[in-house]
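Here is what each chain is made of, one letter per residue.
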Amino acid sequence: MNRYAFYDFKFGILKIAYTGMAVIYLKKVAYIDEKNECSKLSDMAFLQIQEYLNGKRKSFDFPYELIGTEFQKTVWRALCDIPYGETCSYKDVAIAIGNPKASRAIGMANNKNPMTIMFPCHRVIGANGKLVGYAGGLEMKKALLELESRCKVK
């Protein structure tokens, strides 16, 4: 049975869905749409997100479970290979997973990413270098990239 926890954070409301053992969803939402049931696990995940947003963390180690198709999971894992503070294009990700013609499918997988920030789809930009497509909004994407750029050398 899934439980849900909601936290105020820099970009609005962060929704964390979790089972008894793992976080399964981590996204910015517009409003609280479930019963708010914070736990040690959700608090741990939120603390790590806060540390990241404060420039004190570059990776995450709370327990999680990815739920999606095998293709989506492959894409989401590949996002973690994009170095902190750097970006790449959808095509670069497609090439990295061995499917160079899958740029649009990469975009769709990013759109379905259940663990934003942790699986850093914000690091994927258009081939022309423009910020495009981010479920949390382009302002959030820009802010995350600026944060990583500033903290990259620390």
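Look up a bit, the structure's there.
Summary of the structure given here. This one's a predicted model, so the numbers in the text were calculated from it and none came from an experiment. (Residues numbered from 1 in each chain as written. Predicted model: local features only at pLDDT ≥ 70, side-chain atom pairs only at ≥ 80, totals over all residues. Heavy atoms only, no water.)

**As for the pattern of salt bridges**
Working step 1: Taken as a whole and assessed by the stated rule, the structure comprises 6 salt bridges.
Working step 2: Here Glu70 makes a salt bridge to Lys73, at a shortest N to O gap of 3.7 Å. Separated by 3 residues within a single helix, Glu70 and Lys73 lie in helix α2 (residues 70-79), roughly one turn from each other.
Working step 3: By sharing partners, the salt bridges in this structure join Glu51, Arg57 and Asp61 into a single network. (Salt bridge = Lys/Arg side-chain N within 4 Å of Asp/Glu carboxyl O. Helix = DSSP H or I, 4+ residues; strand = E, 2+ residues; numbered from the N terminus.)

**Here's the deal with the sheet that holds strand β3 (residues 23-29)**
Working step 1: Ordered in space as β1-β2-β3, the 3 strands form an open sheet in which the pairing is antiparallel. Looking at strand neighbours, the two that pair on one side only are β1 (3-9) and β3, the edges of this open sheet. Taken pair by pair, the neighbouring strands of this sheet meet at an average axis angle of 20 degrees, ignoring direction.
Working step 2: Pairing analysis gives 6 bridges linking strand β2 (residues 12-18) to β3, with the strands arranged antiparallel. The residue of β3 that forms the bridge with Leu14 is Lys28.
Working step 3: Along the sheet face, helix α1 (residues 40-53) touches β1, β2 and β3 and points at about 30 degrees away from the line of β1. (Pairing = 2+ DSSP bridges. Axes fitted to C-alpha atoms, helices over the stretch in contact; angles between N-to-C directions. Contact = heavy atoms within 4.5 Å.)

**Observations regarding the packing of aromatic side chains**
Between two aromatic rings, the relevant description is the distance of the centres plus the angle of the planes.
Working step 1: Enumeration according to the criterion identifies 6 aromatic pairs in this entry.
Working step 2: Between Phe9 and Phe11 the ring centres are 5.6 Å apart and the planes differ by 75 degrees, which places this aromatic pair in the edge-to-face class.
Working step 3: Take Phe9: its relative accessible area is 8%, and that puts it in the buried class.
Working step 4: Phe11 gets classed as buried once you look at its relative accessible area, which sits at 17%.
Working step 5: Taking the centre distance of 5.8 Å and the plane angle of 50 degrees together, the rings of Tyr52 and Phe60 count as tilted. Residue Tyr52 shares its accessibility class with Phe60, and that shared class is buried.
Working step 6: Site record: aromatic cluster; members linked through ring pairs are Tyr52, Phe60, Phe62 and Tyr84. (Phe/Tyr/Trp six-rings, centres within 6.5 Å; stacked < 30°, edge-to-face > 60°. Buried < 20%, exposed > 50% of the residue type's maximum accessible area, 1.4 Å probe, protein only.)

**Quick word on α1**
Working step 1: Its 14 residues give α1 an end-to-end C-alpha distance of 20 Å, which sits within 8% of 20 Å, the value for a rise of 1.5 Å per residue.
Working step 2: Where α1 is buried, its residues touch β1, β2, β3 and α5 (138-151).
Working step 3: Two to three positions downstream of the cap, the backbone nitrogen of Leu41 sits 3.3 Å from a side-chain oxygen, assigning the N-cap of α1 to Ser39.
Working step 4: Once α1 ends, the next one or two residues include Gly55, with phi positive near 75 degrees. (Expected span 1.5 Å × (residues − 1). Polar contact = N/O pair within 3.5 Å; in protein donor to acceptor, adjacent residues only side chain to side chain.)

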